[in-house]
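Chain and residue survey
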Amino acid sequence: SKGGFDHFMMKEIYDQPQAIHDTLMRRLDEDGMIHLDDIKLTKEDLDGITKMYIVACGTAYHAGLVGKYAIEKLAKVPVEVDIASEFRYSDPFIDEHTMLIVVSQSGETADTLAAMKLAKAKGARVLAITNVVGSSVAREAHDVFYTWAGPEIAVASTKAYTAQMIAFYMIALDFAYKKGTITLEAYHETIKKIEALAPLVQEILADKDEIEKIAMDMKDAQNAFYLGRGVDYTTAREAALKLKEISYIYTEAFAAGELKHGPIALIDQGTPVLCIVTQEALEEKMISNIKEVKARGAFVIAITRKGNTEVAKVADDVIYIPGADDLLMPVLSVIPTQLISYYVSIARGNDVDKPRNLAKSVTVE
Ligand code: M6R
């Protein structure tokens, strides 16, 4: 049921604090240590892994991009992220020191499944992050992390994505602890910070009317752009996918630093440019990018941390979200972008839960 909401998508956006809470809390023991029950990797196994691939499609691929940041930063293993339909045919370099992590909400995506079969055949250790117990991807994997997001019905993925990011933070922390690349103190501190995300998501949801008003400023656009740097570029990519798939507005995400290498030619009078500005070290650079697109006529909607006074001086609209560690910000910054996609799509008279031409799970290659 839609739980009193008009659409499954909105219900699922609102399920996110619970999904984050369940995915994390159900795996902590009384000492606050993470237990990944269906992951059997020992310290020896992990020490033998010199390279990881994360492979998925669509939104799950974007969660993988966040996963790369988390695993490289905490567990200190190099990670490559690829789209399943590309990975399969790229003759990937895999041996017994390679780990493949696949991400799939449904656990039934054909290309993702094929990618893991290929990696397994070449000797990789395969870990699956999935939301569906007993799904094909779960059955094919050596190790499984189940996200506890609950059933996701809307075609546009929302709560599965936030739960997948939480899964990556936890996997990265667990691996880091086993490998000895993190202190016990930092391990516990990070878990506390992940725990704190659920109420912060709730806080953003409480601003939904304000976000709806801002969304109305761009509802008639023919095209739109998302910009970000670092892990904010990942949020930009996920946000662009969400907006295009349900609003049918042509939307692209760009790494803000690439603007001058071509994309800025697309900016015209009134073009909506949505800027994600949450990474402290990259903020100044983002502000220069906002000025650049403004000078070409863009209408800038920025998403930034509360307390940031600089962004409001250059952007047309600002959505403020609570702050967290840079690495955890994607869980918060994606929330307003989901709401924007939803409200714009409704305003354009679209069927948000069942966008045209799309299926919930893509079981053909
Ligand atoms: O079930 P999966 O996670 O494997 O699905 C992957 C993509 O098909 C899916 O995330 C798709 O991109 C969504 N419609 C995005 O909202």
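Check the entry above for the structure.
To start, this report covers the structure provided alongside it. (Residues numbered from 1 in each chain as written. Predicted model: local features only at pLDDT ≥ 70, side-chain atom pairs only at ≥ 80, totals over all residues. Heavy atoms only, no water.)

Observations regarding empty space enclosed by the protein
Taken as a whole, this structure holds one cavity of 30 Å³ or more when the rule is applied. Taken as a whole, the largest cavity encloses approximately 30 Å³ of empty space. In terms of lining, the largest cavity is formed by Leu46, Ile49, Met52, Ala75, Val77, Phe175 and Lys179. (1 Å grid on protein atoms, 1.4 Å probe; cavity = no way out; pocket = protein on both sides within 12 Å on 5 of 7 lines; lining within 4 Å. Points joined across faces, edges and corners; volume = space filled by probe spheres on them.)

A word on the environment of valine 331
Relative to the helices and strands, valine 331 is located in helix 15 (residues 329-347). Dropping the residues within four chain positions of it, valine 331 is found in contact with Ile20, Thr162, Met165, Ile166, Tyr169, Leu197 and Val201. (Helix = DSSP H or I, 4+ residues; strand = E, 2+ residues; numbered from the N terminus. Contact = heavy atoms within 4.5 Å.)

Observations regarding unusual backbone geometry
Unusually for a residue other than glycine, lysine 76 sits at a positive phi of about 55 degrees. You can see lysine 76 is positioned in the loop between helix 4 (58-75) and strand 2 (79-83). The backbone phi angle of aspartate 91 is positive, close to 50 degrees, even though this residue is not glycine. In this fold, aspartate 91 is placed in the loop between helix 5 (84-87) and strand 3 (98-104). By relative accessible area, which is 63% here, aspartate 91 ends up exposed. (Buried < 20%, exposed > 50% of the residue type's maximum accessible area, 1.4 Å probe, protein only.)

Considerations on the pattern of salt bridges
Inspection of the entire model under this criterion finds 26 salt bridges. The partner of lysine 68 in a salt bridge is glutamate 72, and the shortest N-O contact between them spans 3.1 Å. Of this pair, lysine 68 and glutamate 72 both sit in helix 4, four residues apart, which is roughly one turn of the helix. Of the residues examined, glutamate 72 reaches a relative accessible area of 29% and is grouped as partly exposed. As a salt-bridge pair, aspartate 326 and arginine 305 come within 2.7 Å of each other at their nearest N and O atoms. With aspartate 326 in the loop between strand 10 (317-321) and helix 15 and arginine 305 in strand 9 (residues 299-305), this residue pair connects regions lying 21 residues apart in the sequence. (Salt bridge = Lys/Arg side-chain N within 4 Å of Asp/Glu carboxyl O.)

So, helix 10 (residues 197-205)
Listed as buried for helix 10 are Leu197, Ala198, Leu200, Val201, Ile204 and Leu205. The buried residues of helix 10 occupy an angular sector of 160 degrees when the element is viewed end-on, so they sit on one face. (Arc of directions from axis to C-beta.)

Details of the nonpolar core
Within the largest apolar cluster, 92 residues are counted, with the highest numbers of intra-cluster contacts made by Ile71, Tyr169 and Tyr226. Counting residues per element, this core draws most heavily on helix 8 (residues 159-179), at 12 residues. Apart from residues lying up to four places away in sequence, isoleucine 71 is in contact with Met52, Ile54, Lys76, Val77, Val79, Ile101, Phe168 and Ala172. Ala298, Ala302, Ala315 and Val318 belong to the second largest nonpolar core, which has 21 residues in total. (Core = buried A, V, L, I, M, F, W, Y, C linked by side-chain atoms within 4.5 Å.)

A few points about the environment of methionine 9
For methionine 9, the location among the structural elements is in helix 1 (residues 8-14). Residue methionine 9 is classed as buried on the basis of its relative accessible area of 0%. Non-local contacts of methionine 9, meaning those with residues more than four positions away in its chain, are made with Ala154, Ala156, Thr158, Lys242, Ile246, Gln338, Tyr342 and Asp353.

Comments concerning the sheet that holds strand 8 (residues 272-277)
Here five strands make up an open sheet; going across it, the order is 7-6-8-9-10 and the pairing parallel. The sheet is open, and its two borders are formed by strand 7 (250-255) and strand 10, each paired with just one other strand. Direction aside, neighbouring strands of the sheet carry axes that sit 20 degrees apart on average. With three bridges joining them, strand 6 (residues 223-228) and strand 8 adopt parallel strand pairing. Pairing of leucine 227 across the sheet is with cysteine 275, part of strand 8. (Pairing = 2+ DSSP bridges. Axes fitted to C-alpha atoms, helices over the stretch in contact; angles between N-to-C directions.)

What about the site of the ligand?
Within the structure, the ligand sits among 14 residues, and Ser104, Gln105, Ser106, Thr109 and Glu245 are positioned closest to it. Serine 106 places a polar side-chain atom, nitrogen or oxygen, 2.7 Å from an oxygen atom of the ligand. Between the ligand and the protein, one listed contact pairs a nitrogen atom with a backbone N or O atom of valine 155 at 3.0 Å. In isolation the ligand offers 410 Å² of accessible surface; the protein chains occlude 91% of this area. For the ligand, the cavity whose grid points lie within 2 Å of the majority of its atoms is the largest pocket. Contributions of two or more residues to the shell around the ligand are made by helix 4 and helix 12 (231-247). Residue composition of the shell around the ligand, by class: five nonpolar, seven polar and two charged. (Near = heavy atom within 4 Å. Polar contact = N/O pair within 3.5 Å; in protein donor to acceptor, adjacent residues only side chain to side chain. Areas by Shrake-Rupley, 256 points an atom, 1.4 Å probe, with all protein chains shown as cover. Sits in = over half its atoms within 2 Å of the grid points. Nonpolar A, V, L, I, M, F, W, Y, C, P; charged D, E, K, R; others polar.)

Looking at the packing of helix 12 against helix 15
In contact at an axis separation of 9 Å, helix 12 and helix 15 are set at 20 degrees when each is read in the N-to-C sense. As the angle between them shows, helix 12 and helix 15 are arranged roughly parallel. Pair helix 12 / helix 15 crosses with right-handed handedness. Every residue of helix 15 that contacts helix 12 at Val231, Thr235, Glu238, Ala239, Lys242, Leu243, Ile246 and Ser247 is listed here: Pro330, Ser333, Val334, Thr337, Ser341, Tyr342, Val344 and Ser345. Broken down by class, the residue content of the contact of helix 12 with helix 15 amounts to eight nonpolar, six polar and two charged. (Parallel < 35°, antiparallel > 145°, perpendicular 65-115°, else oblique. Left-handed = near helix turned anticlockwise from the far one by under 90°.)

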